[in-house]
Amino acid sequence: MKNHIFKKYVFIFGLLLLAGLYGCQTEPLDAENNLSTSINSSSVKPEKNFDFESCDDATSDPVNLYAGQNMLVGQVTVSEDGVTFEITEPGWCISETHLSVVDSQSDFPINSGGNPKIGNFEYQMSHDCVQSYTYPIEVDSGSYIAAHAVVNCISDVDNESYEITLPSQVGVCVTTKGEPDSYFDIEIAPENSLTGSYEAWCLDQDATLNNLDCFTGDVYSSYGSLPDGKFEKPENFGALNWLMNQGFIGTEATPELGNYTFGDIQIAIWKLVDDSVCTVCEYTGSFNDDRVDMLVAMAMENNDFVPECGENLVIVIVPNDNKQSIFITIPVPCDECEETAWAAGCDFPGNNWATYFQYELLD
(Lines give C-alpha, C1' and ligand atoms only; values in the text may rest on other atoms or scores of the structure.)
Protein backbone atom coordinates (compact mmCIF):
# COMPACT_ATOMS: atom_id res chain seq x y z
CA MET A 1 0.00 0.00 0.00
CA LYS A 2 2.80 2.43 0.94
CA ASN A 3 4.58 1.60 -2.25
CA HIS A 4 1.47 2.44 -4.25
CA ILE A 5 1.13 5.83 -2.52
CA PHE A 6 4.85 6.56 -3.07
CA LYS A 7 4.54 5.89 -6.79
CA LYS A 8 1.46 8.12 -6.92
CA TYR A 9 3.41 11.05 -5.40
CA VAL A 10 6.36 10.48 -7.73
CA PHE A 11 4.02 10.60 -10.71
CA ILE A 12 2.41 13.85 -9.50
CA PHE A 13 5.84 15.38 -8.77
CA GLY A 14 6.99 14.46 -12.27
CA LEU A 15 3.97 16.17 -13.80
CA LEU A 16 4.59 19.33 -11.78
CA LEU A 17 8.29 19.33 -12.72
CA LEU A 18 7.50 18.92 -16.43
CA ALA A 19 4.95 21.74 -16.28
CA GLY A 20 7.52 23.94 -14.59
CA LEU A 21 10.09 23.28 -17.29
CA TYR A 22 7.73 24.29 -20.09
CA GLY A 23 6.50 27.30 -18.18
CA CYS A 24 10.04 28.62 -17.59
CA GLN A 25 11.50 27.84 -21.09
CA THR A 26 13.63 30.73 -22.42
CA GLU A 27 13.76 32.15 -25.96
CA PRO A 28 16.61 31.04 -28.27
CA LEU A 29 19.82 33.04 -27.77
CA ASP A 30 19.60 34.89 -31.06
CA ALA A 31 20.26 38.27 -29.51
CA GLU A 32 20.36 40.29 -32.71
CA ASN A 33 17.06 38.96 -34.08
CA ASN A 34 15.33 39.23 -30.70
CA LEU A 35 16.59 42.77 -30.21
CA SER A 36 15.34 43.74 -33.67
CA THR A 37 11.93 42.20 -32.98
CA SER A 38 11.74 43.85 -29.59
CA ILE A 39 12.63 47.25 -30.97
CA ASN A 40 10.19 47.00 -33.85
CA SER A 41 7.33 45.83 -31.66
CA SER A 42 7.80 48.26 -28.80
CA SER A 43 9.34 51.19 -30.74
CA VAL A 44 11.89 51.58 -27.97
CA LYS A 45 15.10 53.30 -29.09
CA PRO A 46 18.11 51.31 -27.86
CA GLU A 47 20.32 53.15 -25.40
CA LYS A 48 23.71 54.20 -26.76
CA ASN A 49 26.50 54.55 -24.27
CA PHE A 50 29.38 54.93 -26.71
CA ASP A 51 32.10 57.45 -26.08
CA PHE A 52 32.70 59.56 -29.18
CA GLU A 53 36.13 61.11 -29.37
CA SER A 54 36.38 64.87 -29.60
CA CYS A 55 35.87 65.90 -33.24
CA ASP A 56 37.86 68.95 -34.24
CA ASP A 57 37.08 68.71 -37.97
CA ALA A 58 34.33 71.34 -38.07
CA THR A 59 34.33 72.87 -41.54
CA SER A 60 32.32 74.68 -44.17
CA ASP A 61 34.66 73.56 -46.97
CA PRO A 62 34.15 70.54 -49.26
CA VAL A 63 35.16 67.30 -47.53
CA ASN A 64 37.13 64.61 -49.37
CA LEU A 65 35.30 61.40 -50.24
CA TYR A 66 37.55 58.34 -49.87
CA ALA A 67 36.85 54.85 -51.25
CA GLY A 68 38.43 51.79 -49.70
CA GLN A 69 39.71 54.04 -46.88
CA ASN A 70 42.49 55.82 -48.77
CA MET A 71 41.51 56.31 -52.45
CA LEU A 72 40.34 59.85 -53.17
CA VAL A 73 37.32 59.63 -55.51
CA GLY A 74 35.36 62.80 -54.86
CA GLN A 75 34.02 65.25 -52.31
CA VAL A 76 30.95 66.07 -50.23
CA THR A 77 29.83 69.70 -50.11
CA VAL A 78 27.26 71.39 -47.85
CA SER A 79 25.63 74.50 -49.29
CA GLU A 80 22.32 76.34 -49.36
CA ASP A 81 21.27 73.85 -52.07
CA GLY A 82 21.76 70.87 -49.75
CA VAL A 83 24.37 68.14 -49.37
CA THR A 84 26.11 67.16 -52.61
CA PHE A 85 28.10 63.99 -53.32
CA GLU A 86 30.42 64.57 -56.31
CA ILE A 87 32.99 62.45 -58.13
CA THR A 88 36.20 64.40 -58.89
CA GLU A 89 38.52 61.60 -60.08
CA PRO A 90 38.31 59.95 -63.54
CA GLY A 91 37.07 56.38 -63.88
CA TRP A 92 34.55 56.43 -60.99
CA CYS A 93 30.80 56.86 -60.59
CA ILE A 94 28.24 56.71 -57.77
CA SER A 95 25.70 53.87 -57.45
CA GLU A 96 24.38 54.50 -53.90
CA THR A 97 24.35 57.31 -51.35
CA HIS A 98 23.41 57.30 -47.65
CA LEU A 99 23.28 60.45 -45.53
CA SER A 100 22.65 61.14 -41.86
CA VAL A 101 22.48 64.69 -40.43
CA VAL A 102 22.09 64.95 -36.65
CA ASP A 103 22.51 67.47 -33.84
CA SER A 104 24.67 65.19 -31.68
CA GLN A 105 27.00 62.29 -32.45
CA SER A 106 24.94 60.05 -30.18
CA ASP A 107 21.95 60.54 -32.54
CA PHE A 108 23.64 58.68 -35.40
CA PRO A 109 22.05 55.26 -36.08
CA ILE A 110 24.70 52.85 -34.81
CA ASN A 111 24.75 49.16 -34.01
CA SER A 112 25.83 47.37 -30.85
CA GLY A 113 29.43 47.47 -32.04
CA GLY A 114 29.48 51.26 -32.40
CA ASN A 115 29.44 51.23 -36.22
CA PRO A 116 26.97 53.26 -38.31
CA LYS A 117 23.85 51.51 -39.64
CA ILE A 118 23.65 53.05 -43.10
CA GLY A 119 20.34 51.30 -43.77
CA ASN A 120 18.83 53.47 -41.02
CA PHE A 121 20.24 56.78 -42.30
CA GLU A 122 17.52 59.39 -42.87
CA TYR A 123 18.39 59.90 -46.53
CA GLN A 124 19.38 57.19 -49.01
CA MET A 125 19.16 56.66 -52.74
CA SER A 126 20.26 54.25 -55.50
CA HIS A 127 21.77 55.80 -58.64
CA ASP A 128 22.53 54.71 -62.19
CA CYS A 129 26.27 55.41 -62.23
CA VAL A 130 26.08 59.19 -61.71
CA GLN A 131 28.80 61.76 -61.19
CA SER A 132 26.96 63.80 -58.57
CA TYR A 133 23.81 63.85 -56.49
CA THR A 134 22.37 66.50 -54.18
CA TYR A 135 20.00 65.95 -51.25
CA PRO A 136 18.02 69.23 -51.19
CA ILE A 137 17.94 69.58 -47.42
CA GLU A 138 18.74 72.44 -45.08
CA VAL A 139 21.67 71.81 -42.76
CA ASP A 140 22.10 73.86 -39.59
CA SER A 141 25.52 75.07 -38.55
CA GLY A 142 26.92 72.72 -35.94
CA SER A 143 25.24 69.63 -37.36
CA TYR A 144 27.12 66.35 -37.56
CA ILE A 145 27.10 64.64 -40.96
CA ALA A 146 27.83 61.04 -41.95
CA ALA A 147 28.02 60.76 -45.74
CA HIS A 148 28.43 57.27 -47.22
CA ALA A 149 28.49 56.21 -50.87
CA VAL A 150 28.97 53.10 -52.93
CA VAL A 151 31.23 53.94 -55.88
CA ASN A 152 32.15 51.92 -58.94
CA CYS A 153 35.30 52.09 -61.02
CA ILE A 154 34.86 51.56 -64.75
CA SER A 155 37.56 49.92 -66.86
CA ASP A 156 35.50 49.19 -69.98
CA VAL A 157 36.33 52.33 -71.98
CA ASP A 158 34.01 51.51 -74.89
CA ASN A 159 31.09 51.25 -72.47
CA GLU A 160 28.77 54.27 -72.60
CA SER A 161 29.09 54.60 -68.82
CA TYR A 162 32.80 55.46 -69.08
CA GLU A 163 32.28 58.81 -70.76
CA ILE A 164 30.26 60.18 -67.86
CA THR A 165 33.26 59.69 -65.59
CA LEU A 166 34.99 62.52 -67.47
CA PRO A 167 34.41 66.25 -66.95
CA SER A 168 32.21 67.77 -69.65
CA GLN A 169 34.51 70.77 -70.08
CA VAL A 170 38.01 71.83 -69.05
CA GLY A 171 40.10 74.97 -69.19
CA VAL A 172 43.33 74.48 -71.17
CA CYS A 173 46.48 76.55 -71.65
CA VAL A 174 49.32 75.67 -74.04
CA THR A 175 52.63 75.91 -72.21
CA THR A 176 54.96 74.71 -75.00
CA LYS A 177 54.60 73.93 -78.69
CA GLY A 178 56.90 71.73 -80.75
CA GLU A 179 58.25 69.43 -78.04
CA PRO A 180 60.45 66.43 -78.92
CA ASP A 181 57.89 64.07 -77.35
CA SER A 182 54.61 65.65 -78.43
CA TYR A 183 53.13 68.46 -80.48
CA PHE A 184 52.08 70.48 -77.41
CA ASP A 185 52.58 70.61 -73.69
CA ILE A 186 49.38 71.78 -72.01
CA GLU A 187 48.07 72.53 -68.54
CA ILE A 188 44.47 71.68 -67.62
CA ALA A 189 42.97 74.03 -65.04
CA PRO A 190 42.26 72.94 -61.43
CA GLU A 191 39.06 71.58 -59.89
CA ASN A 192 38.29 68.76 -62.29
CA SER A 193 39.33 65.13 -62.65
CA LEU A 194 41.77 65.87 -65.51
CA THR A 195 43.63 68.69 -63.75
CA GLY A 196 47.36 68.59 -64.43
CA SER A 197 50.09 68.75 -67.09
CA TYR A 198 49.88 66.67 -70.27
CA GLU A 199 51.58 66.00 -73.56
CA ALA A 200 49.03 66.74 -76.30
CA TRP A 201 48.63 66.25 -80.04
CA CYS A 202 46.86 68.10 -82.87
CA LEU A 203 43.74 66.50 -84.36
CA ASP A 204 42.76 69.18 -86.89
CA GLN A 205 45.47 70.95 -88.84
CA ASP A 206 42.94 73.26 -90.54
CA ALA A 207 42.62 75.33 -87.35
CA THR A 208 45.34 76.96 -85.26
CA LEU A 209 46.46 76.76 -81.66
CA ASN A 210 49.44 78.83 -80.65
CA ASN A 211 51.88 78.65 -77.78
CA LEU A 212 50.43 80.25 -74.59
CA ASP A 213 46.88 80.18 -76.02
CA CYS A 214 44.17 79.35 -73.48
CA PHE A 215 40.65 78.09 -74.13
CA THR A 216 37.68 76.19 -72.71
CA GLY A 217 37.07 72.88 -74.43
CA ASP A 218 34.48 70.09 -74.47
CA VAL A 219 35.81 66.68 -73.39
CA TYR A 220 35.08 63.38 -75.17
CA SER A 221 36.23 59.81 -74.85
CA SER A 222 37.53 58.63 -78.23
CA TYR A 223 35.23 55.61 -77.82
CA GLY A 224 32.20 57.75 -76.97
CA SER A 225 29.92 60.02 -78.97
CA LEU A 226 32.15 62.46 -80.84
CA PRO A 227 30.63 65.70 -82.22
CA ASP A 228 29.09 65.23 -85.65
CA GLY A 229 31.15 66.47 -88.58
CA LYS A 230 34.10 67.55 -86.46
CA PHE A 231 36.48 64.80 -87.57
CA GLU A 232 36.76 63.54 -91.14
CA LYS A 233 37.61 59.93 -90.19
CA PRO A 234 36.08 59.19 -86.76
CA GLU A 235 36.00 55.50 -87.66
CA ASN A 236 39.80 55.39 -87.28
CA PHE A 237 40.04 56.33 -83.61
CA GLY A 238 40.70 52.70 -82.70
CA ALA A 239 43.81 52.84 -84.88
CA LEU A 240 44.82 56.13 -83.26
CA ASN A 241 44.51 54.59 -79.80
CA TRP A 242 46.69 51.67 -80.91
CA LEU A 243 49.32 54.08 -82.27
CA MET A 244 49.47 56.02 -78.99
CA ASN A 245 50.13 52.84 -77.03
CA GLN A 246 53.23 51.68 -78.92
CA GLY A 247 55.92 54.11 -77.72
CA PHE A 248 57.38 54.45 -81.22
CA ILE A 249 59.29 57.73 -80.72
CA GLY A 250 63.03 57.03 -80.63
CA THR A 251 62.69 53.40 -81.72
CA GLU A 252 64.05 52.11 -85.01
CA ALA A 253 61.76 51.84 -88.01
CA THR A 254 64.35 50.07 -90.19
CA PRO A 255 68.14 50.34 -90.36
CA GLU A 256 67.76 52.35 -93.55
CA LEU A 257 65.00 54.68 -92.34
CA GLY A 258 66.32 55.28 -88.84
CA ASN A 259 64.26 56.08 -85.74
CA TYR A 260 60.69 57.30 -85.50
CA THR A 261 60.28 60.96 -84.49
CA PHE A 262 57.46 62.89 -82.89
CA GLY A 263 57.00 64.51 -86.32
CA ASP A 264 56.31 61.05 -87.80
CA ILE A 265 53.68 60.47 -85.13
CA GLN A 266 51.97 63.83 -85.70
CA ILE A 267 51.79 63.37 -89.48
CA ALA A 268 50.45 59.84 -88.98
CA ILE A 269 47.74 61.20 -86.64
CA TRP A 270 46.53 63.61 -89.33
CA LYS A 271 46.53 60.87 -91.97
CA LEU A 272 44.46 58.63 -89.68
CA VAL A 273 41.68 61.03 -88.63
CA ASP A 274 42.02 64.26 -90.68
CA ASP A 275 41.54 64.91 -94.40
CA SER A 276 44.75 66.91 -94.90
CA VAL A 277 48.32 67.04 -93.63
CA CYS A 278 50.55 69.98 -92.86
CA THR A 279 54.03 69.14 -94.15
CA VAL A 280 55.48 72.64 -93.79
CA CYS A 281 54.30 73.39 -90.25
CA GLU A 282 57.00 75.03 -88.17
CA TYR A 283 56.38 72.85 -85.14
CA THR A 284 56.05 69.47 -86.82
CA GLY A 285 59.78 68.83 -86.67
CA SER A 286 61.55 66.24 -88.79
CA PHE A 287 59.59 63.40 -90.35
CA ASN A 288 59.95 60.84 -93.11
CA ASP A 289 57.13 59.90 -95.49
CA ASP A 290 58.11 56.24 -95.55
CA ARG A 291 58.17 56.02 -91.77
CA VAL A 292 54.81 57.79 -91.61
CA ASP A 293 53.27 55.36 -94.12
CA MET A 294 54.57 52.42 -92.07
CA LEU A 295 52.95 53.83 -88.93
CA VAL A 296 49.60 54.42 -90.67
CA ALA A 297 49.59 50.92 -92.20
CA MET A 298 50.33 49.24 -88.86
CA ALA A 299 47.72 51.34 -87.06
CA MET A 300 45.00 50.54 -89.59
CA GLU A 301 45.68 46.84 -89.15
CA ASN A 302 44.74 47.37 -85.50
CA ASN A 303 41.69 49.59 -85.91
CA ASP A 304 39.67 47.30 -83.63
CA PHE A 305 42.01 48.06 -80.74
CA VAL A 306 40.46 48.91 -77.34
CA PRO A 307 42.91 49.83 -74.54
CA GLU A 308 42.74 47.83 -71.32
CA CYS A 309 44.10 48.09 -67.79
CA GLY A 310 47.00 50.57 -67.61
CA GLU A 311 47.08 51.27 -71.36
CA ASN A 312 46.59 54.74 -72.83
CA LEU A 313 43.15 56.05 -73.75
CA VAL A 314 42.82 58.98 -76.18
CA ILE A 315 40.75 61.83 -74.70
CA VAL A 316 39.58 64.43 -77.21
CA ILE A 317 39.33 68.14 -76.31
CA VAL A 318 37.37 70.38 -78.72
CA PRO A 319 37.78 74.16 -78.10
CA ASN A 320 34.63 76.27 -77.92
CA ASP A 321 36.21 79.12 -79.93
CA ASN A 322 37.13 77.21 -83.13
CA LYS A 323 40.73 76.71 -82.13
CA GLN A 324 42.53 73.50 -83.01
CA SER A 325 41.08 70.28 -81.56
CA ILE A 326 43.65 68.31 -79.58
CA PHE A 327 43.92 65.09 -77.61
CA ILE A 328 45.70 63.80 -74.54
CA THR A 329 46.00 60.27 -73.19
CA ILE A 330 45.14 58.95 -69.73
CA PRO A 331 45.61 55.44 -68.26
CA VAL A 332 42.66 53.06 -68.30
CA PRO A 333 41.44 51.96 -64.83
CA CYS A 334 42.54 48.42 -64.11
CA ASP A 335 39.41 46.74 -62.78
CA GLU A 336 35.69 47.13 -62.59
CA CYS A 337 35.03 47.26 -58.88
CA GLU A 338 32.69 48.38 -56.16
CA GLU A 339 33.97 50.22 -53.12
CA THR A 340 32.42 51.78 -50.06
CA ALA A 341 33.28 55.45 -49.55
CA TRP A 342 32.99 57.89 -46.63
CA ALA A 343 33.36 61.63 -46.36
CA ALA A 344 36.52 62.17 -44.32
CA GLY A 345 36.42 63.29 -40.72
CA CYS A 346 36.24 61.75 -37.27
CA ASP A 347 35.99 58.06 -36.44
CA PHE A 348 32.87 56.34 -35.17
CA PRO A 349 33.45 54.43 -31.90
CA GLY A 350 33.26 51.05 -33.70
CA ASN A 351 36.15 49.17 -35.27
CA ASN A 352 35.52 49.92 -38.95
CA TRP A 353 36.82 52.99 -40.80
CA ALA A 354 33.50 54.85 -41.13
CA THR A 355 33.82 58.59 -40.50
CA TYR A 356 31.67 61.68 -39.97
CA PHE A 357 32.30 65.42 -39.87
CA GLN A 358 30.81 68.52 -38.32
CA TYR A 359 29.45 71.24 -40.58
CA GLU A 360 30.15 74.69 -39.22
CA LEU A 361 29.67 78.07 -40.86
CA LEU A 362 33.07 79.60 -40.21
CA ASP A 363 33.81 83.34 -40.32
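Going by the structure above, here's the rest.
What counts, and where the lines are drawn
Residues numbered from 1 in each chain as written. Predicted model: local features only at pLDDT ≥ 70, side-chain atom pairs only at ≥ 80, totals over all residues. Heavy atoms only, no water. Disulfide = S-S within 2.5 Å. Helix = DSSP H or I, 4+ residues; strand = E, 2+ residues; numbered from the N terminus. Buried < 20%, exposed > 50% of the residue type's maximum accessible area, 1.4 Å probe, protein only. Salt bridge = Lys/Arg side-chain N within 4 Å of Asp/Glu carboxyl O. Axes fitted to C-alpha atoms, helices over the stretch in contact; angles between N-to-C directions. Parallel < 35°, antiparallel > 145°, perpendicular 65-115°, else oblique. Left-handed = near helix turned anticlockwise from the far one by under 90°. Contact = heavy atoms within 4.5 Å. Nonpolar A, V, L, I, M, F, W, Y, C, P; charged D, E, K, R; others polar.

**Student:** Just checking my understanding: could you explain the state of the cysteines for this structure?
**Tutor:** Here, disulfide denotes a covalent bond that connects the sulfur atoms of two cysteines. Scanning the model with the defined rule gives four disulfides in all. Covalently, cysteine 93 is tied to cysteine 129 through a disulfide, its sulfur atoms 2.0 Å apart. Measuring handedness by torsion sign, the sulfur bridge of cysteine 93 and cysteine 129 sits at about -95° and is left-handed. With cysteine 93 in strand 4 (residues 92-102) and cysteine 129 in strand 5 (residues 123-130), the pair connects residues that are 36 residues apart, well separated along the chain. For cysteine 93, a relative accessible area of 1% gives the class buried. Accessibility expressed as a relative area gives 14% for cysteine 129, which makes it buried.

**Student:** What exactly am I supposed to notice about the pattern of salt bridges here?
**Tutor:** Side chains bearing opposite charge may pair, as long as their charged atoms lie close to each other. In this structure the tally under the stated criterion is three salt bridges. Here aspartate 264 and arginine 291 are joined by a salt bridge, their closest N and O atoms 2.5 Å apart. In this pair, aspartate 264 is assigned in helix 5 (residues 262-273) and arginine 291 in helix 6 (residues 289-300), connecting sequence segments 27 residues apart. We note that aspartate 264, like arginine 291, is buried. The closest approach of N and O atoms between lysine 271 and aspartate 293, which form a salt bridge, is 3.2 Å. In this pair, lysine 271 sits in helix 5 while aspartate 293 sits in helix 6, placing the two residues 22 residues apart along the sequence. A residue is classified by how much of its surface remains accessible, and aspartate 293, at 40% relative accessible area, is partly exposed.

**Student:** What am I meant to see in the packing of helix 5 against helix 6 here?
**Tutor:** When two helices pack together, you describe them by how their axes are tilted relative to each other and by the distance separating the axes. Here helix 5 crosses helix 6 at 50°, and the two axes come no closer than 9 Å. In terms of axis orientation, helix 5 runs oblique to helix 6. Note on packing geometry: the crossing formed by helix 5 with helix 6 is right-handed. Contacts between helix 5 and helix 6 pair Asp264, Ile265, Ile267, Ala268, Lys271 and Leu272 from the former with Arg291, Val292, Asp293, Leu295, Val296, Ala299 and Met300 from the latter. Taken together, the residues of the contact of helix 5 with helix 6 break down into nine nonpolar, no polar and four charged.

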